[in-house]
Amino acid sequence: MSTARPSPIRVLDNATIDRIAAGEVIERPASVVKELVENALDAGARNLRIQIREGGLASISVEDDGHGIPQHDLPLACERHATSKIGSAADITRVGTYGFRGEALASIAAVSRLAILSRAEDEEVGGQLALVGGEIERREPAPRNRGTTVTVSDLFFNTPARRKYMGTPAAEQRAIVGIVTTTALACPETRWRLIADGVTLLDLAPVDSLPSRARDVLGPAVMEHMARFEKDEGGLAVAGLASRPTWTRGNRSQQWLFVNRRPIRSAALAQAIAQAYRDVIPAGRHPVALVFLQIPAGEVDVNVHPAKSEVRLLLERSVFALIVGGLRDGLNLRRAGPFEMAGVAGEAGEPGAGATPLAGDPLAAGRGPAGHVGGDRLDRRDELLAGLAEAEHDYLQRHFGGGGATGEGTLFPGARAGTGGGAGGGDRAGGSRGVAEVEGTALGVQGRQVATGSAGPGPALETSAAGEEPALRSAPFWQLHRTYICAQTRGGLVLIDQHNSHERILYNEAQRALAAGAGVPTQQLLFPVHLELSPDQVQAFQTCAAQLERLGFLIQPFGGQSVLVQGIPSSLKNWAAGQLLLDILDDVAETGVGRNAGQDAVLASFACHGAIRAGEILTVPEMQNLVDRLFATDLPLSCPHGRPTLIQFSLEELEKRFGRR
Ligand SMILES: Nc1ncnc2c1ncn2[C@@H]1O[C@H](COP(=O)(O)OP(=O)(O)OP(=O)(O)O)[C@@H](O)[C@H]1O
Ligand SMILES: [Mg+2]
């Protein structure tokens, strides 16, 4: 970057300054929408119509019924540092509007063709102003009702490098839907319409409360799982809606944070939400949450981020504690047992279990399912033992107690108590060798261990030592902490991560079925499931419907924002009444995989969300089935994200550590 002789220092011309500044404020079409919408809200708009073409890359127009801009002020509004919202630096500390810098319109104008049509409240006629790359081209009186329309075309036409970095129109459109829904959540009293390429994507009627707006954005089905919370302390207040532990998502795309109604991003405060739920939902799951903070203006610095999407909180620790406390009290999160996976499963069987509609008393609402109260009294060790005993009981019941058909009611439809069939194919290199090792060893020893947990060592030891009891002999697995499977191998032992390995299995099995050209087989649901989608999930569904079908999902659009799921991949047992599908759509929405979501991305998301999770109890046949299927995959040593599926300990290593060598 250095030149031989330094150029003389000079002050840049205004056009260059504006273009550089625009680079910070206007990153993509969604930033334009954000700025224009915030201007409209600052002007007191109650009706907003946003129209975009080609994801906003071709054009964006925002129409409002706010107080308008006086004709003679139109050029000024597009100048840098020209604002009607603050008068001095001191005002920044108590700013109550979204805007305060007087930079947005100038920045947008510098990198686009911009037209403003506006009529102020007390003027007879309106005015119109057109700029190209920040230069005024045309200015004339024009008729209009009170309010303002700003139209931005050819964004970044004069900054080709930036234009090249734009995503596909579909990805940019998703980002715009995200901005609009977020802002709309904070302003329920305003009507919002979003029209993309002539199609109405959103039409949110004005409502009088956050829950009503949230219902329109999230869909009524999700709302059944939400409860209100609120708390104030030391002049700070938090209020909002959050999902009970029985409704979680695979990522944080349905968490919103607002400080004094300004949508913000904050890793620290997202952590506060996570902490509130830490003991009641499994790792990797996230609640749906709308968190509104009310903080005295003097305690917030809103001027720390070019897009105003972050703020600095002087009392961040207190705010953190307030969020954790507010959520825990409001949702009654302290009362549920640790790792309450039963909630997710329970949802399929008994919809709305433990859920009270928002209209009810929010504090009474978060009651955990009755059986979980005991979870408080169990320490971790007891819980583990209880878990093992349960798994063993289940196992014994199934093989000795006149249990039903093998695999009935298990996670894996094909689970068998015997040795894993079909795992002996000789061409699967290390994989098949692993199976042979796991199968061929450990039998007698493990039989003793199984019995130890439930019936005491004596008789069981004899039974298994005799080596004659086939069912007990085929129980060479322990589940540890409801997360890992421990198995003896010929050369030592392996610890298998149940989630990572199941993820690998689902991924590879589906990939194999796709490669064979057939697609993944579908199991028809006895009762089709009706799912309400959020606007960005609808968008995501449109981009990946074909991939989902090849993966074995049978989904029909069902009017408005909903779909009807009639079939799911036959390899799945655990799709948590549709949460799996919503999780995949969230991933597609968040990663923005373009007009046609990549099959691999959808596949990876399917495998990740469809896989059993840490915290789920597995029976011995289920563990057996999982291990067999893992070793039948081509890459058994890591999950599709590259995390290990298993860790091996050699006998040699154990001997060394016990001083035998
Ligand atoms: N839709 C609108 N209705 C009424 N006035 C508007 C509208 N859009 C812009 N203005 C006027 O133009 C001025 C400049 O807008 P601009 O967005 O550039 O700056 P700002 O909103 O004051 O600050 P910021 O750069 O932080 O957004 C505003 O202060 C406001 O007076
Ligand atoms: Mg503004």
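Residues numbered from 1 in each chain as written. Chains lettered and ligands numbered in written order. Predicted model: local features only at pLDDT ≥ 70, side-chain atom pairs only at ≥ 80, totals over all residues. Heavy atoms only, no water.

Thoughts on the overall build of the chain
Helix and strand counts for the chain stand at 24 helices and 24 strands. By residue count, 50% of the 661 residues in the chain fall in the buried class. In the chain, the share of contacts with a sequence separation of at least 24, taken over all contacts with a separation of at least 6, comes to 73%. Entry remark: accessible area of the chain is about 30000 Å², with carbon and sulfur atoms responsible for 52%. (Helix = DSSP H or I, 4+ residues; strand = E, 2+ residues; numbered from the N terminus. Buried < 20%, exposed > 50% of the residue type's maximum accessible area, 1.4 Å probe, protein only. Contact = heavy atoms within 4.5 Å. Areas by Shrake-Rupley, 256 points an atom, 1.4 Å probe, with all protein chains shown as cover.)

Quick word on the sheet that holds strand E21 (residues 522-532)
One open sheet holds the three strands; their spatial order is E21-E23-E22, and the pairing between them is antiparallel. In this open sheet, the two strands that pair with only one neighbour each are E21 and strand E22 (554-557). Ignoring strand direction, the axes of neighbouring strands in this sheet form an average angle of 15 degrees. Direction of pairing for E21 relative to strand E23 (residues 562-569): antiparallel, over a ladder of seven bridges. By the bridge assignment, Gln523 is partnered in E23 with Ile568. (Pairing = 2+ DSSP bridges. Axes fitted to C-alpha atoms, helices over the stretch in contact; angles between N-to-C directions.)

Description of the site of ligand 1
In the vicinity of ligand 1 lie 22 residues, with Thr83, Ser84, Lys85, Glu103 and Lys308 positioned nearest. Asp64 is positioned with one of its side-chain polar atoms (N or O) 2.9 Å from a nitrogen atom of ligand 1. Taking Arg101, its side chain carries an N or O atom lying 2.9 Å from an oxygen atom of ligand 1. Surface burial for ligand 1 is 95%, taken as the share of its 590 Å² of free accessible area covered by protein chains. Of all the secondary structure elements, the ones that give two or more residues to the shell around ligand 1 are helix H2 (29-42) and helix H5 (104-110). With three residues, H2 is the largest single contributor of residues to the shell around ligand 1. Of the residues assigned to the shell around ligand 1, the class counts are eight nonpolar, eight polar and six charged. (Near = heavy atom within 4 Å. Polar contact = N/O pair within 3.5 Å; in protein donor to acceptor, adjacent residues only side chain to side chain. Nonpolar A, V, L, I, M, F, W, Y, C, P; charged D, E, K, R; others polar.)

Some thoughts on the packing of aromatic side chains
Following the criterion strictly, the structure yields two aromatic pairs and no others. Residues Phe258 and Phe292 carry aromatic rings whose centres are separated by 4.3 Å and whose planes lie at 5 degrees to one another, so their mutual orientation is stacked. With Phe258 in strand E12 (residues 255-259) and Phe292 in strand E15 (residues 289-294), the pair connects residues that are 34 residues apart, well separated along the chain. For the pair Phe258 and Phe292, one class covers both residues: buried. With a centroid separation of 6.2 Å and an interplanar angle of 90 degrees, the aromatic rings of Phe553 and Phe606 are classed as edge-to-face. Here Phe553 is found in the loop between helix H20 (535-550) and E22, whereas its partner Phe606 is found in helix H22 (residues 599-610), with 53 residues between them in sequence. The ring of Phe157 has Arg113 lying over it, and the distance from NZ or CZ to the ring centre is 4.3 Å. Geometry around Phe100 places Lys308 over its ring, the cationic atom sitting 5.6 Å from the centre. (Phe/Tyr/Trp six-rings, centres within 6.5 Å; stacked < 30°, edge-to-face > 60°. Lys NZ or Arg CZ within 6 Å of the ring centre and 35° of its normal.)

Notes on the confidence of the model for the chain
In this model, the chain carries an average pLDDT of 75, and 77% of its residues clear a pLDDT of 70 or more. In the model, residues 335-475 has pLDDT below 50 throughout and makes 197 contacts with residues more than four positions away in sequence or in other chains. (pLDDT = per-residue confidence, 0-100.)

Details of the sheet that holds strand E13 (residues 262-264)
Strand order in this open sheet of five strands is E9-E10-E15-E12-E13, and the pairing throughout is mixed. Both outer strands of the open sheet, strand E9 (226-233) and E13, are each paired with one neighbouring strand and no more. Taking the axes of each pair of neighbouring strands and ignoring which way they run, one obtains an average angle of 20 degrees across the sheet. In this sheet, E15 lies alongside E12 in parallel orientation, the contact comprising five bridges. Directly across from Phe258, in E15, lies its bridge partner Phe292. Contacts from helix H7 (residues 169-186) reach E12, E13 and E15, with the element oriented near 55 degrees to E12.

Observations regarding the environment of Pro211
Take Pro211: it is sitting in helix H8 (residues 210-218). Separated by 26 residues in sequence, Pro211 and Leu185 have C-alpha atoms that sit 9.2 Å apart.

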